[in-house]
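Secondary and tertiary structure notes
Now for the letters of each chain:
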Amino acid sequence: MSANAEQTESSVKSMDDIMSLCKRRGFIYPASEIYGGVNGFWDYGPLGAQLKKNLRDAWWTDVVMKGCDGKLGPNGKPVEIVPVDTSIIQNPKVWEASGHVGGFNDPMVDDKETKQRFRADHLFAVYLLEPVNEMKTDEHYFIGGAIERAIPDRTAVGNTPTEALKAICNESTLRKANGIKKLISGIFSGQDHRVGSFATAWVSTSNGERYIACVPLSDGILERRANEVPSPFTGKAGHLTPPRAFNLMFKTVLGATGNMEDNAAYLRPETAQGIFINFKNVVDTTRVAVPFGIAQTGKAFRNEVTPRNFTFRSREFEQMEIEFFCHPDEAAGWYAFWRDWRMEWWQSLGLEGDNLILREHDSDELAHYAKEGAGTSDIEYRFPFTAPGFGELEGIADRTNFDLKQHAEHAGAKLEYFDNTRGELAKNGQPKGERYLPHVIEPSAGLDRGVLALLCEAYTPDPERASGVYMKFHPRLAPIKAAVFPLVKKDGMPEVAAPLAAALRKRFGHLGTIEYDEKQSIGKRYARMDEAGCPFCFTIDGDTLTDNTVTVRHRDTLDQERIAIDSVPDYLAEKLGL
Ligand code: GAP
């Protein structure tokens, strides 16, 4: 039985419910919705925009302003990070040097009949296998049987085998198309040394019970025998093309009279390159010394072939990236430092427990810039659509000197760093200095994926509440920090409540919204705050007018306590950890 076998479908939150709350309460809307939307783009509403800003601010504060929140680096010194804010459009040669123009491709497979296009690595082989005797019903036995068959019975689409299998077992049209009547067991996920990740389940079909196994399409099958592989939605063989490279860069034209051939430019697919090409500028114009980092947040654009899973894979998204420059001999120590601190950071924001993992890459997953033996790891979150598997939130990679070297070569620029603290000692006992291209450790996080993980983690169904659900955001990230309510809109209560809200706004308004609401019943107002994830509500009632106390309602426990109205600002400051 696989490690994740206990995690069955029933324990996973519903992504549909989360998306519907996001729409209903103004966290996230489909972009261009009144025109029918545009695939792969999303708009943040008032609550979502504030939540996103709070996450970006937390990153900026802890990374840039506090230098890893004050944690000392492996050299025993404070970590030095400076920010930049570089252009989305750069000289196109930047992207030739970085390898994006030539190599930032996804292999795509087309269905010639339906004209659908799929990422080859998002197609999975599905085998319907006969039950065998009890002794042999272990998953790895079936996986072995599936591999021998090579050409699958069906093809499924997803980010992971689990997601793909979930779709064909649960979506009624796909279930029908694949001849599946119903799912008998939960869906189990696992790892097998021959195929990597796989997912399995028991299903009933018109031919009786079958064991269903979903595994990556094995090496070369699509390249050599695409014609025999069934198409995902029609099930017909003979319609899929072999994979073809599709570049993910968004192209545009510079200037009013420009054309796509001579004046093409690209929207950046990552913020990182804006940092590398400014490495020398930063060294020359500030007092930083290696080891140090340059940080940047901003939009990135990728013409993803199959945008999916809400904001998880979008065509426009925001990154929070650090390029940390260090001496090559110190790269391994800094890599371990960043990997561990970044994990701690996400945990400190409430992504605790089993839903967050740190996964070191296997050697066959290395990116083009990573060298054998240099570390690469992902911080991954168990999103409802990946469960029981995980999806990447942030990658931490030792990029060696790949990027600086590429830019030095392509631009003909001298990007070496002169380190006067290193090298042999001169006669005067001082180091002679050493010239080198620094190595780079890159913690690269997705802001939108971070927000999505926070939304999924916070979503807490609670049938006992009027709202049926509450959003358990960490108070630091909650878009609404506090709400002030007069119990009723009369008897002098609004006259006391409104100034309290104004005072809180003056003190805490830079951190998030302070809600003031006097409409509807108090129960309905609490319910709205639960759905918005507001951690504290302060209610002014009849007693306030006589004893100057207010009720504090705590979102998570529903506890209520009374405190002096004058102490509310300090009380909130303490609860927000200020
Ligand atoms: N500079 C390195 C780099 O860009 P990446 O793994 O391609 O590495 C970094 O991207 C992070 O950006 C990912 O961990 C993910 O959080 C986010 N990201 C990447 N592609 C995305 C997409 N299409 N939609 C949303 N977020 C994305």
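Thresholds, definitions, all that
- Residues numbered from 1 in each chain as written.
- Predicted model: local features only at pLDDT ≥ 70, side-chain atom pairs only at ≥ 80, totals over all residues.
- Heavy atoms only, no water.
- Buried < 20%, exposed > 50% of the residue type's maximum accessible area, 1.4 Å probe, protein only.
- Helix = DSSP H or I, 4+ residues; strand = E, 2+ residues; numbered from the N terminus.
- Contact = heavy atoms within 4.5 Å.
- Near = heavy atom within 4 Å.
- Polar contact = N/O pair within 3.5 Å; in protein donor to acceptor, adjacent residues only side chain to side chain.
- Areas by Shrake-Rupley, 256 points an atom, 1.4 Å probe, with all protein chains shown as cover.
- Nonpolar A, V, L, I, M, F, W, Y, C, P; charged D, E, K, R; others polar.
- Domains from an automatic or database assignment.

Let us look at helix α12 (residues 402-411). Restricting attention to buried positions, one finds in α12 the residues F402, D403, L404, H407 and A408. Buried residues along α12 sit in contact with α3 (92-98), α9 (272-276), α10 (279-285), β16 (316-326) and β19 (391-400). G412 occupies a position one or two residues after α12 and carries a positive phi of about 65°.

A separate point is the site of the ligand. The immediate surroundings of the ligand are formed by 20 residues, with E270, R302, S314, E321 and E392 found nearest. A distance of 2.8 Å separates an oxygen atom of the ligand from a polar atom in the side chain of R302. For the ligand, whose free accessible area comes to 560 Å², the fraction covered by protein is 89%. Looking at which element gives the most residues to the shell around the ligand, the answer is β19, with five residues. Its residues assigned to classes, the shell around the ligand shows four nonpolar, six polar and ten charged.

What follows deals with the domain arrangement of the protein. Per the domain assignment, the segments of the protein are domain 1 (9-104 + 251-406 + 440-457), domain 2 (106-246) and domain 3 (466-575). Averaged C-alpha coordinates put domain 2 and domain 3 at centres separated by 52 Å.

This part covers unusual backbone geometry. With omega at 10°, the peptide bond leading from V290 into P291 counts as cis. Counting through the fold element by element, P291 comes out in the loop between α10 and β15 (292-301). The peptide bond linking A387 to P388 adopts the cis configuration, its omega dihedral lying at 5°. Along the polypeptide, P388 turns up in the loop between β18 (376-381) and β19. Within the chain, C68 stands out as a residue other than glycine whose phi angle is a positive 60°. Examined against the element boundaries, C68 turns out to sit in the loop between α2 (46-65) and β3 (81-83). The exposure class assigned to C68 is buried, which follows from its relative accessible area of 0%. Positive phi is not limited to glycine here, since D491 has a value of about 55°.

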